[in-house]
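# Secondary and tertiary structure notes
For reference, the chains in residue letters:
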Amino acid sequence: SVAHFGGLAATNRVDVRVLAPEERPALTTAGRAWNGGWSMTVNGLSGFGYTVECSTNLTTWMPLDHALPPALPFTWSDPDADLYPRRFYRVRMQP
């Protein structure tokens, strides 16, 4: 429930889409690449962009790459993975 009791008011349109678990991006395979980096296969819905993010502490995340794959699943690699003692990855779907 939302109420407005005087003062300034504004109207904005907001679109919200809730994804079912099977629609969220999923890492189907992951592991060391032949060049010492990291490689993973990402599956999800076609027609969306995907942002690969990394973290060294699971608290602070940094975008590494943006992909608009022509087909899914797609393979993504991080050739710099071996420069860090530990590195975590996640994939976020973009509108």
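What this report covers is the structure whose coordinates are included nearby. Keep in mind that what you see is a predicted model, and the values were worked out from it rather than measured.

For the rest of this paragraph, the subject is the overall build of the chain. For the chain, the helix and strand inventory stands at zero helices and six strands. Helices and strands appear in the chain in the N-to-C order β-β-β-β-β-β. Counting over 95 residues, the chain shows a buried share of 25%. For the chain, the exposed surface amounts to about 7200 Å²; the carbon and sulfur share of it is 55%.

Right, let's get into the sheet that holds strand S4 (residues 62-67). Read across the open sheet, the three strands follow the order S4-S3-S6; overall the sheet is antiparallel. Strands at the two margins of the open sheet, each flanked by one partner only, are S4 and strand S6 (88-94). Within this sheet the neighbouring strands show an average axis-to-axis angle of 25°, counted without direction. Sheet topology note: the strand S3 (residues 49-55)/S4 ladder contains five bridges and is antiparallel. Counted as the bridge partner of Val-52 is Asp-65 from S4.

By the bridge criterion, six bridges tie strand S1 (residues 26-32) to strand S2 (residues 38-43) in an arrangement that is antiparallel. For Thr-29, the partnering residue across the bridge sits in S2 and is Thr-41. Taking the residues that link successive antiparallel strands as the turn, the S1-S2 hairpin has five residues, and the phi of Gly-36 there is positive, at about 90°.

To continue, consider the side chain of Thr-51. Along the chain, the position of Thr-51 falls in strand S3. Among the polar contacts made by the side chain of Thr-51, one reaches the side chain of Gln-94 at a distance of 3.2 Å. Excluding residues within four positions of it along the chain, Thr-51 makes contact with Pro-63, Asp-65, His-66, Arg-90, Val-91, Arg-92 and Gln-94.

Pairing is antiparallel across the open sheet formed by three strands, whose spatial order is S1-S2-S5. At either end of the open sheet lies a strand with only one pairing partner, and these are S1 and strand S5 (74-78). For this sheet the average axis-to-axis angle between neighbouring strands, irrespective of direction, equals 20°. When S2 meets S5, the two strands line up antiparallel, connected through five bridges. Counterpart to Ser-39 in the pairing with S5 is Ser-77.

Met-40, Val-42, Tyr-50, Val-52, Cys-54, Ala-67, Phe-74, Trp-76, Ala-81, Tyr-89, Val-91 and Met-93 form the largest nonpolar core, which has twelve residues in total. Counting residues per element, the ones that place at least two in this core are S2, S3, S5 and S6.

What counts, and at which threshold
- Residue positions are given per chain, counted from 1 along the sequence in the order it is written.
- The predicted origin of the model limits local features to residues at a pLDDT of at least 70 and limits the giving and counting of side-chain atom pairs to 80 or more, whereas totals for whole chains, interfaces and linings rest on all residues.
- The side-chain values count all of the structure's non-hydrogen atoms but skip hydrogen atoms and water molecules.
- Segments assigned H or I by DSSP are reported as helices when at least four residues long, segments assigned E as strands when at least two residues long, and all are numbered from the N terminus.
- Whether a residue is buried, partly exposed or exposed follows from its accessible area with a 1.4 Å probe, protein chains only, as a fraction of its type maximum: under 20%, in between, or over 50%, in that order.
- Areas reported as accessible are Shrake-Rupley estimates using a 1.4 Å probe. Residue values count occlusion only from the protein chains shown.
- For two strands to pair, DSSP has to find at least two bridges joining them.
- Lines fitted to C-alpha atoms define the axes here, with helix axes fitted over just the stretch in contact, and angles between the N-to-C directions of these axes take values from 0 to 180 degrees.
- Throughout this description, a polar contact denotes any pair of N or O atoms lying within 3.5 Å of each other; where both atoms belong to protein, one of them has to be capable of donating a hydrogen while the other can accept it, and for residues adjacent in sequence the pair is counted only when both atoms sit in side chains.
- In what follows, residue pairs with any heavy atoms lying within 4.5 Å of each other are defined as contacts.
- Among buried residues, those of type Ala, Val, Leu, Ile, Met, Phe, Trp, Tyr and Cys that are joined through side-chain atoms within 4.5 Å constitute a nonpolar core.

Scope: geometric values only; no functional claims are made or implied.
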